[in-house]
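Structural overview
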Amino acid sequence: KMSSLPTPSTVASATPFTVLVPVAVTGLEPISGPVGTEVTIRGQGFSTNLADDRVTLANVECPVVAATPTELRVRIPQSGSGPLVVTVLNAGSA
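Conventions we followed
Residues numbered from 1 in each chain as written. Predicted model: local features only at pLDDT ≥ 70, side-chain atom pairs only at ≥ 80, totals over all residues. Heavy atoms only, no water. Pairing = 2+ DSSP bridges. Helix = DSSP H or I, 4+ residues; strand = E, 2+ residues; numbered from the N terminus. Axes fitted to C-alpha atoms, helices over the stretch in contact; angles between N-to-C directions. Buried < 20%, exposed > 50% of the residue type's maximum accessible area, 1.4 Å probe, protein only. 1 Å grid on protein atoms, 1.4 Å probe; cavity = no way out; pocket = protein on both sides within 12 Å on 5 of 7 lines; lining within 4 Å. Points joined across faces, edges and corners; volume = space filled by probe spheres on them. Nonpolar A, V, L, I, M, F, W, Y, C, P; charged D, E, K, R; others polar.

The four strands are arranged E1-E2-E6-E5 in an open sheet whose pairing can be described as antiparallel. Of all the strands in the sheet, just strand E1 (24-29) and strand E5 (64-68) have a single pairing partner and so form its edges. Here the average twist between neighbouring strands, direction ignored, is 20 degrees. Of the pairings in the sheet, the one linking strand E2 (residues 38-44) to strand E6 (residues 71-75) comprises five bridges and is antiparallel in character. When the sheet's bridge partners are listed, arginine 42 is paired in E6 with glutamate 71.

Okay, here's the thing in structure tokens:
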């Protein structure tokens, strides 16, 4: 007598799962300049949605003017020195 094996069934989740790349900064250019300077920040894990990327210098937000997954361009809004802190919504900070 032959017996049949149960047929496997597959079910997918209704909501997709997204793997987030850790946020990291690998460089910036230029490293100094006057108020209004546009700075390019290189790294990984940035969002292409400008509203998801937040950059601060001396606790003051710098407007993000362009974004790719590996590069942000921001304008320095006022005088201040220190590290540029990058925070990406739902991904962390560097």
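Now, onward.
Another point: unusual backbone geometry. Of the consecutive residues glutamate 29 and proline 30, the connecting peptide bond is found in the cis state with omega at -5 degrees. In this fold, proline 30 is placed in the loop between E1 and E2. For alanine 58, which is not glycine, the phi dihedral falls at a positive 55 degrees. Turning to its location among the elements, alanine 58 is positioned in the loop between strand E3 (53-57) and strand E4 (60-62). Overall, the relative accessible area of 44% leaves alanine 58 in the partly exposed class. Notably, asparagine 59 is not glycine yet its phi reads approximately 65 degrees, a positive angle.

This part is about the layout of surface pockets. Of the volumes computed, that of the largest pocket is approximately 280 Å³. Taken together, 18 residues make up the lining of the largest pocket; nearest its centre are Ile31, Ser32, Leu57, Ile76 and Gly80. A per-class count over the lining of the largest pocket returns 10 nonpolar, eight polar and no charged.

Keep in mind these numbers describe shape, not what the thing actually does.
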